Amino acid sequence: MGISLSGRSFLTLLDFTPDEIRYLLGLADEFKRMKRTGTPHRYLEGKQIVLLFEKTSTRTRCSFEVAGRDLGMGVTFLDSGSSQMGKKESLADTAKVLGRMFDGIEYRGYKQSVVEDLAKYSGIPVWNGLTDDFHPTQMLADILTVQEEFHDVRGRKLTFFGDARNNVANSLMVVCSKLGMRFCACGPKELWPEESLIEKCRKIADETGAELEFTDDPAIGARDCDVLYTDIWLSMGEPDELWAKRIELLQKYQVNKELIAQAKPDAIFMHCLPAFHDRNTTVGERIYQTFGLEAMEVTDDVFLGPQARQFDQAENRMHTIKAVMYATLK
Ligand code: CP
Ligand code: NVA
């Protein structure tokens, strides 16, 4: 195909062509096969990567660690409590130091400008492991999962229910636009994506045949829908005081049996995780005690039901992150 991503950073899917995205998905599929058949693939033996986390993580951190080791690389983990970054050393200085020691940097944190500056000052590939604006490695895992279900993703309708201007929803709008899908943001108007991002996606959609839809009516979101997607109602970094307001705004967008029944008969449910589908977490229990909700964005029966694909997505995080590191470091 003649595609090379060698030396590139992976900061947002806006920077990648549809062919480049499909190339990464193809690589991920190959890596998944190799992992499943126990075929060694230590293609990046001797390289070193560092993972910077300013927010907590299970899937993203483990995916980078396992994928890095499977590829034969050394992996160093740093969180904000155990490095100088930001407190005693500027971002630019930190990036320059890391660029002298490592071959690649993963960053999870707040502003998108931070991950962009890391790439600018380090001179090595930087991978966005989630910022307030985007979560691009999640998208590759999600589309791989949709592809495994429906093969060709073009023309499929994916509806995001809930806080439709968070990092995951923004990124889904971008990737669906790039790949000619039908993206629907379903939530209250005040939580729709920013107009400037919608404009960018509309331009991409004009070229790819994608369609974008925005609605505050859950029935419209579910109509003719292939993928019902949701995420937590309050993202990392947002203050706890917002829970009451978010619950009030988003309760009617909960993905439950009644909503799924309005979608296509073979529709699937997706969630990037972690999810509040029961009371088995400290936050879930606190929300129950305060607001009387047994579940938030998705009910337990849907989460445990036959349409649920969230654990396939979680596994696919590792295969797709491996593809991104391999493609940019090889
Ligand atoms: N989906 C996701 O990014 O999960 P973590 O926050 O556990 O990394
Ligand atoms: N929107 C969520 C995604 C977690 C993977 C957050 O930012 O907390």
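Data block above holds the structure.
Residues numbered from 1 in each chain as written. Chains lettered and ligands numbered in written order. Predicted model: local features only at pLDDT ≥ 70, side-chain atom pairs only at ≥ 80, totals over all residues. Heavy atoms only, no water.

Before we go on, may I ask you to explain the site of ligand 2 in this structure?
If you check the shell around ligand 2, you find Leu130, Asn166, Asn167, Val168, Asp231, Ile232, Ser235, Met236 and Leu273 and nothing else. The side chain of asparagine 167 places a nitrogen or oxygen atom 2.8 Å from a nitrogen atom of ligand 2. Within the contact set of ligand 2, a nitrogen atom lies 2.7 Å away from a side-chain nitrogen or oxygen of aspartate 231. Bound to the protein, ligand 2 loses 97% of the 270 Å² it would expose on its own. Each residue belonging to the shell around ligand 2 can be placed in one class, and the counts come to five nonpolar, three polar and one charged. (Near = heavy atom within 4 Å. Polar contact = N/O pair within 3.5 Å; in protein donor to acceptor, adjacent residues only side chain to side chain. Areas by Shrake-Rupley, 256 points an atom, 1.4 Å probe, with all protein chains shown as cover. Nonpolar A, V, L, I, M, F, W, Y, C, P; charged D, E, K, R; others polar.)

How do you make sense of the site of ligand 1 when you look at a structure like this?
The full set of residues close to ligand 1 is Ser57, Thr58, Arg59, Thr60, Arg108, His135, Gln138, Cys272, Leu273 and Arg317. For ligand 1, an oxygen atom lies 2.9 Å from a polar atom in the side chain of arginine 108. Here glutamine 138 contributes a side-chain N or O atom positioned 2.9 Å from a nitrogen atom of ligand 1. In the complex, the protein chains occlude 95% of the 260 Å² of accessible area that ligand 1 would expose alone. Across the shell around ligand 1, the residue classes tally to two nonpolar, five polar and three charged.

Would you explain a negative patch on the surface in this entry?
Where like charges cluster on the molecular surface, the negative patch consists of Asp15, Glu116, Asp133 and Glu194. Looking at the element boundaries, aspartate 15 is found in the segment before α1 (18–37). The partly exposed category is assigned to aspartate 15, whose relative accessible area is 44%. (Patch = residues over 30% accessible without salt bridge, like charges linked within 9 Å, V, L, I, M, F, W, Y side chains within 5 Å. Salt bridge = Lys/Arg side-chain N within 4 Å of Asp/Glu carboxyl O. Lys, Arg positive; Asp, Glu negative; His and termini not counted. Charge placed at Lys NZ, Arg CZ, Asp CG, Glu CD. Helix = DSSP H or I, 4+ residues; strand = E, 2+ residues; numbered from the N terminus. Buried < 20%, exposed > 50% of the residue type's maximum accessible area, 1.4 Å probe, protein only.)

Help me out: how do you make sense of the nonpolar core in this one?
Grouped together as the largest cluster of nonpolar side chains are 62 residues, with contacts concentrated most on Phe183 and Met325. Other than its neighbours up to four places away in sequence, phenylalanine 183 contacts Leu158, Phe160, Ala169, Leu172, Met173, Cys176, Glu211, Leu212 and Glu213. Counting 32 residues, the second-largest nonpolar core is a separate cluster that includes Leu191, Trp233, Leu249 and Phe276. (Core = buried A, V, L, I, M, F, W, Y, C linked by side-chain atoms within 4.5 Å. Contact = heavy atoms within 4.5 Å.)

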